[in-house]
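Reading the structure
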Amino acid sequence: MKILFVLENTIKSLEGGTEVSSFHLARLLRRRNIEVEEWAPYPKRMPIYLYTGFIFQIGIFLLLLWKCVKNRPQVLHVQGKYLLPPAILVGKILNIPTVATIRDYIVICPVGICLFKGLALPQQQGQALFDGPHGFLFFVNTEIPLFLSKYHSSDNALTKILKYIFLIRGWFVSRWLKYLLKKADAIVSVSKAVQKILSQNGILSQVIHNSFDTSFTLLNKAWPWLTKARPLNTILFVGKPSYGKGHDLFLELSKMKEFRQYDFKTIGGDKKLGYKDTLKEICQALIVVVPSRWPEPFGRVTLEALMVGTPVIASKRGGLTEIVSNGKTGILVEQIEEDMAAALRLIIKQNNKYRDEIKTQKEKLKEKFESVPLRSHINLYSALIAKINL
């Protein structure tokens, strides 16, 4: 079996969740003697227009076409949404089945605001914007202003106008991607949360959770810090320090008098680390906090934390509820400062209990996020190849 992973930037960069998840899946497949090759048009993450611009799409299409003509993979697995157009077209021309893994909501909700609850119009209180009208005019008149107010409130007028124009362009790009996505031979959602939202928009998919190759850390003697005794004083936030990720709530927790003895640390934004160093920080943390406001498509950081034995406090949003076992491996809370503080207080007090429970559930976690995703991908690839060969 020969699989080609189509990524937006090389898997070696491990710049984001897509690259990390693809990295782990590739490792697992190779351990089953499945040939996996990664292909990307760029060595690192680039501005969106370098993927979605018409001229760039043509260039990427020609490069990918030549790659597939030379190597003739049996399945194209699209890991990066912006490469759907060239990958789908190459697949149709060369009769290679395509799998598209969806790890976010760009094809449905370009700026993500439509998925937030509590930001709706007065008549929609308690609902997400997504639950109400969601056409182009609504996007322009409601979602973009909300997005700019939450993420770019300090920008000057000219900058906001330019961003407005680019965001409008993004709406048309998302519709183009949605159209091409429906042409894929198989669509994979990384959580039930993503599957539900895609289904509401007429896109059928199967759920295969992101995977984690435990041999990369827990069984790897090259990572001595996993077993060494270490001081547990760090309360950690990993990810983009944005409104959607709830970073402001994390900062509010750090200001509370009862928590001032702890080291509240952020990895992300201007304070990025490499993947191995980030995992090391997660492992050495007392608690990892994931206070997301938006419904996380999956929540890779949450999985990483549990896989290295660190308890998690996470909001009850999206895919996070499919990873954390509430009251056992961590605590799921409403995205409210008081609830976050209460959960933090409890896990600090009962930290050893939560760590012991994570150890107890190690095999369940391994089955759910290693064995099952691996089997599911192999079965999916096999079915697509068999269908082509009929």
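As a starting point, this report considers the structure included with it. (Residues numbered from 1 in each chain as written. Predicted model: local features only at pLDDT ≥ 70, side-chain atom pairs only at ≥ 80, totals over all residues. Heavy atoms only, no water.)

1. Observations regarding the side chain of Asn 201
Residue position: Asn 201 is located in the loop between α7 (192–200) and β6 (206–207). Engagement of the side chain of Asn 201 in a polar contact is seen with the backbone oxygen of Ile 197, the distance being 3.0 Å. (Helix = DSSP H or I, 4+ residues; strand = E, 2+ residues; numbered from the N terminus. Polar contact = N/O pair within 3.5 Å; in protein donor to acceptor, adjacent residues only side chain to side chain.)

2. Observations concerning the environment of Tyr 275
Relative to the helices and strands, Tyr 275 is located in helix α9 (residues 275–283). As a C-alpha pair, Tyr 275 and Cys 109 span 166 residues in sequence and 28 Å in three-dimensional space. For Tyr 275, the residues in contact, after removing those within four places along its chain, are Leu 14, Val 20, His 24, Phe 212, Phe 216, Arg 300 and Glu 304. (Contact = heavy atoms within 4.5 Å.)

3. Describing the packing of α9 against helix α10 (residues 300–307)
A pair of packed helices is captured by two measures, namely the crossing angle of their axes and the spacing between those axes. The contact between α9 and α10 brings their axes to 9 Å, and the two run at 65°. Read as a crossing pair, α9 and α10 show a hand that is right-handed. For the pair α9 and α10, contact is made by Tyr 275, Leu 279 and Ile 282 and by Arg 300, Val 301, Glu 304 and Ala 305, respectively. Split into classes, the residues belonging to the contact of α9 with α10 amount to five nonpolar, no polar and two charged. (Axes fitted to C-alpha atoms, helices over the stretch in contact; angles between N-to-C directions. Left-handed = near helix turned anticlockwise from the far one by under 90°. Nonpolar A, V, L, I, M, F, W, Y, C, P; charged D, E, K, R; others polar.)

4. Regarding the pattern of salt bridges
The final tally for this structure, using the stated rule, is 15 salt bridges. Glu 252 serves as the salt-bridge partner of Lys 255, at 3.5 Å between the closest nitrogen and oxygen. Placement of the pair is Lys 255 and Glu 252 together in helix α8 (residues 247–255), with a separation of three residues, close to one helical turn. With a shortest N-O distance of 3.1 Å, Lys 265 and Glu 281 are connected by a salt bridge. (Salt bridge = Lys/Arg side-chain N within 4 Å of Asp/Glu carboxyl O.)

5. Structural notes on the packing of aromatic side chains
All chains considered together, the criterion is met by 14 aromatic pairs. Consider the rings of Tyr 42 and Tyr 51, whose centres lie 5.2 Å apart with planes at 85°: the pair is edge-to-face. For the pair shown, Tyr 42 and Tyr 51 are each scored as buried. For the ring pair Trp 176 and Tyr 179, a centre distance of 6.0 Å and an interplane angle of 15° mean the geometry is stacked. (Phe/Tyr/Trp six-rings, centres within 6.5 Å; stacked < 30°, edge-to-face > 60°. Buried < 20%, exposed > 50% of the residue type's maximum accessible area, 1.4 Å probe, protein only.)

6. Describing the packing of helix α1 (residues 17–31) against helix α13 (residues 362–388)
Axis separation between α1 and α13 bottoms out at 10 Å; the angle between their running directions is 75°. Judged by the inter-axis angle, α1 sits roughly perpendicular to α13. Counted together, Leu 25, Leu 28, Leu 29 and Arg 31 of α1 and Glu 370, Leu 374, His 377, Ile 378 and Tyr 381 of α13 form the full contact between these two elements. (Parallel < 35°, antiparallel > 145°, perpendicular 65-115°, else oblique.)

7. Observations concerning empty space enclosed by the protein
Using the criterion set out here, one finds one cavity of 30 Å³ or more in the structure. Roughly 80 Å³ of volume is contained in the largest cavity. For the largest cavity, the lining is made up of 14 residues, of which Leu 25, Arg 103, His 209, Asn 210 and His 377 are closest to its centre. Sorting the residues of the lining of the largest cavity by element identifies α1 and α13 as the ones contributing at least two each. Taken together, the residues that form the lining of the largest cavity break down as five nonpolar, eight polar and one charged. (1 Å grid on protein atoms, 1.4 Å probe; cavity = no way out; pocket = protein on both sides within 12 Å on 5 of 7 lines; lining within 4 Å. Points joined across faces, edges and corners; volume = space filled by probe spheres on them.)

8. Thoughts on the pairing of strand β3 (residues 75–78)
Of the two faces of β3, the one carrying Val 75 and His 77 and the one carrying Leu 76 and Val 78 are both buried. Sheet topology places strand β1 (residues 2–6) next to β3; four bridges connect them, and they run parallel. Opposite Val 6, over in β3, you have Val 78 as the bridge partner. Sheet topology places β3 next to strand β4 (residues 98–102); three bridges connect them, and they run parallel. Residue pairing across strands places Leu 76 opposite Thr 98, the latter belonging to β4. (Pairing = 2+ DSSP bridges.)

9. Things to note about the sheet that holds strand β8 (residues 263–267)
Taken together, the five strands give an open sheet; going across it, the order is β8-β7-β9-β10-β11, and neighbouring strands pair in parallel fashion. Single-partner strands in this sheet number two, and they are β8 and β11 (330–333). Adjacent strand axes in the sheet meet at a mean angle of 20° when their direction is disregarded. Pairing analysis gives two bridges linking strand β7 (residues 234–238) to strand β9 (residues 287–290), with the strands arranged parallel. By the bridge assignment, Ile 235 is partnered in β9 with Ile 287. Sheet strands in contact with α9 are β7, β8 and β9, and its direction is about 140° off that of β7.

10. Some words on the pairing of β11
Side chains of β11 alternate between two faces, with Gly 330 and Leu 332 and Ile 331 and Val 333 buried alike. Pairing of strand β10 (residues 312–315) with β11, which is carried by four bridges, proceeds in the parallel orientation. Bridging from a neighbouring strand, Ser 315 pairs with Val 333 of β11.

11. As for helix α12 (residues 351–360)
Taken together, the buried positions of α12 are Asn 351, Tyr 354, Arg 355 and Ile 358. One face of α12 carries all of its buried residues, which in axial projection span an arc of 100°. Turned more than 90 degrees off the buried face of α12, the exposed positions are Asn 352, Lys 359 and Thr 360. Contacts made by the buried residues of α12 are with β9, α10, β11, α11 (337–349) and α13. (Arc of directions from axis to C-beta.)

By themselves, these observations are geometric and do not establish any function.
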